[in-house]
Amino acid sequence: VIHIDEPTVKMNFSVNTSPFSGQEGQFSTARYLKDRLEREILNDVALHIESFGGSDSSFIVSGRGELHLAILIEKMRREGYELQVGKPEVIFKEVNGQKHEPFEDVFIECPEQYSGTVIEKMGTRKGEMLDMKLDRGIAHLHFLVSTRGLIGYRAEFLTDTKGEGIFNTLFRAYKPFVGEMKSASHGSLVSYESGVSNMYGLLNAQERGQLFIGAGVPVYEGMIVGKTAKPEDLDVNICKTKQLSNMRSKGEGVSEHFDTPLNLSLEESVEYLGDDELLEVTPKNLRLRKAILNKLERKRSKK
């Protein structure tokens, strides 16, 4: 009997509800989404799909890690589908009345000078080092880490190893829950107006954090346009234009420097998602957004 590893991570896939829905994808309705996901299970036996809350437009898709699910999302957008997805969550189990979570063997190869950072990051994610070898300036590391500890780490790993690291994982088993982890919480820069981003608004917003978009990009209220180092969200107006007057001030016209926006890949976007955030996926764009777009409604729901 061939044993197929069970899913360890789940994500919510649903119909795109953003103000731009139906504009960029060929297939954007609930029927298309349902048919496509049902077709995927025929080819991919490690994938599980169930409808969310009995709804026909929202599904819980479970797979073998966030990369497995990111590959499915990328395949769908290339085929012309439009959808929105939520934050990846680990699937827990109850074993003899005790909470268990999935663990993975992680095999890492990276230049020796980056190994200290990798070991430190794995430590904060409650990873256990099982083996370490050095060979011709390359460190070969083997850890046992909970799947929960790995969510959001791949992109960070590539940055820490300057793109020279190799990262492989293999499901080990379900083991007892290792307790809460300190998550690197971020705040988002959220657009509170709909319109088109312009340089004046972007330069003002750039002082508050790292932007994800440049000028001339259509945005809507509740769309995430950047991130801040602080854990709370900030509302910004990147569609704001400069008030023109006849008065000129000293130093006007001195060009301000606009930093290159951070262009997040699909995997980085999925890893970025917070609990109250969604990723809008279309064949042309990836847009991060708040689940509740309206600023006042978001405040009410937090209370």
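### Focus on the sheet that holds strand β16 (residues 234–236)
- As summarised here, the arrangement of the four strands in space is β13-β15-β11-β16, forming an open sheet in which the pairing is mixed. Two strands in the sheet have a free side with no partner beyond their single neighbour: β13 (210–211) and β16.

### A closer look at the pattern of salt bridges
- Applying the stated criterion to the full structure yields 22 salt bridges.
- Glu 40 serves as the salt-bridge partner of Arg 36, at 2.9 Å between the closest nitrogen and oxygen. With Arg 36 and Glu 40 both in helix α1 (residues 30–43) and four residues apart, the pair spans about one turn of that helix.
- The buried category is assigned to Glu 40, whose relative accessible area is 4%.
- Connected through salt bridges with shared partners, the residues Arg 36, Glu 40, Lys 75 and Glu 79 form a single ionic network.

### Digging into the packing of α1 against helix α2 (residues 66–78)
- At a closest axis distance of 12 Å, the pairing of α1 and α2 adopts a crossing angle of 125°. By the angle between their directions, the pair α1 and α2 is classed as oblique. The way α1 lies across α2 gives a crossing that is right-handed. Of the residues in α2, those in contact with Leu 33, Arg 36, Leu 37 and Glu 40 of α1 are Leu 72, Lys 75 and Met 76.
- Its residues placed into classes, the contact of α1 with α2 shows four nonpolar, no polar and three charged.

### Quick word on the packing of aromatic side chains
- For the structure on display, the rule yields nine aromatic pairs.
- Between Phe 92 and Phe 177 the ring centres are 5.8 Å apart and the planes differ by 75°, which places this aromatic pair in the edge-to-face class. With Phe 92 in the loop between β5 (89–90) and β6 (93–95) and Phe 177 in the loop between β10 (166–176) and β11 (187–191), this pair connects stretches of sequence that are 85 residues apart.
- Each residue in the set Phe 27, Tyr 32 and Tyr 81 is aromatic and connected to the rest through ring pairs, giving one cluster.
- The ring of Tyr 32 is capped by Arg 31, whose NZ or CZ atom sits 5.0 Å from the centre of that ring.
- The residue whose ring lies beneath Lys 99 is Phe 177, and the NZ or CZ to ring-centre distance is 4.3 Å.

### Brief notes about α2
- Here α2 is 13 residues long and its end C-alpha atoms lie 18 Å apart, about the 18 Å a rise of 1.5 Å per residue gives.
- The set of residues buried in α2 consists of Glu 66, His 68, Leu 69, Ala 70, Leu 72, Ile 73, Met 76 and Arg 77.
- Gly 80 sits one or two residues past α2 and shows a positive phi near 100°.

### Concerning the pairing of β11
- Burial within β11 is extensive, with five of its five residues counted as buried.
- Bridge count between β11 and strand β15 (residues 224–228): four bridges; the pairing is antiparallel. Looking across to β15, one finds that Leu 189 is bridged to Gly 226.
- The pairing of β11 with β16 spans three bridges and is classified as parallel. Counted as the bridge partner of Ser 191 is Val 236 from β16.

Calculation notes
Residues numbered from 1 in each chain as written. Predicted model: local features only at pLDDT ≥ 70, side-chain atom pairs only at ≥ 80, totals over all residues. Heavy atoms only, no water. Pairing = 2+ DSSP bridges. Helix = DSSP H or I, 4+ residues; strand = E, 2+ residues; numbered from the N terminus. Salt bridge = Lys/Arg side-chain N within 4 Å of Asp/Glu carboxyl O. Buried < 20%, exposed > 50% of the residue type's maximum accessible area, 1.4 Å probe, protein only. Axes fitted to C-alpha atoms, helices over the stretch in contact; angles between N-to-C directions. Parallel < 35°, antiparallel > 145°, perpendicular 65-115°, else oblique. Left-handed = near helix turned anticlockwise from the far one by under 90°. Contact = heavy atoms within 4.5 Å. Nonpolar A, V, L, I, M, F, W, Y, C, P; charged D, E, K, R; others polar. Phe/Tyr/Trp six-rings, centres within 6.5 Å; stacked < 30°, edge-to-face > 60°. Lys NZ or Arg CZ within 6 Å of the ring centre and 35° of its normal. Expected span 1.5 Å × (residues − 1).

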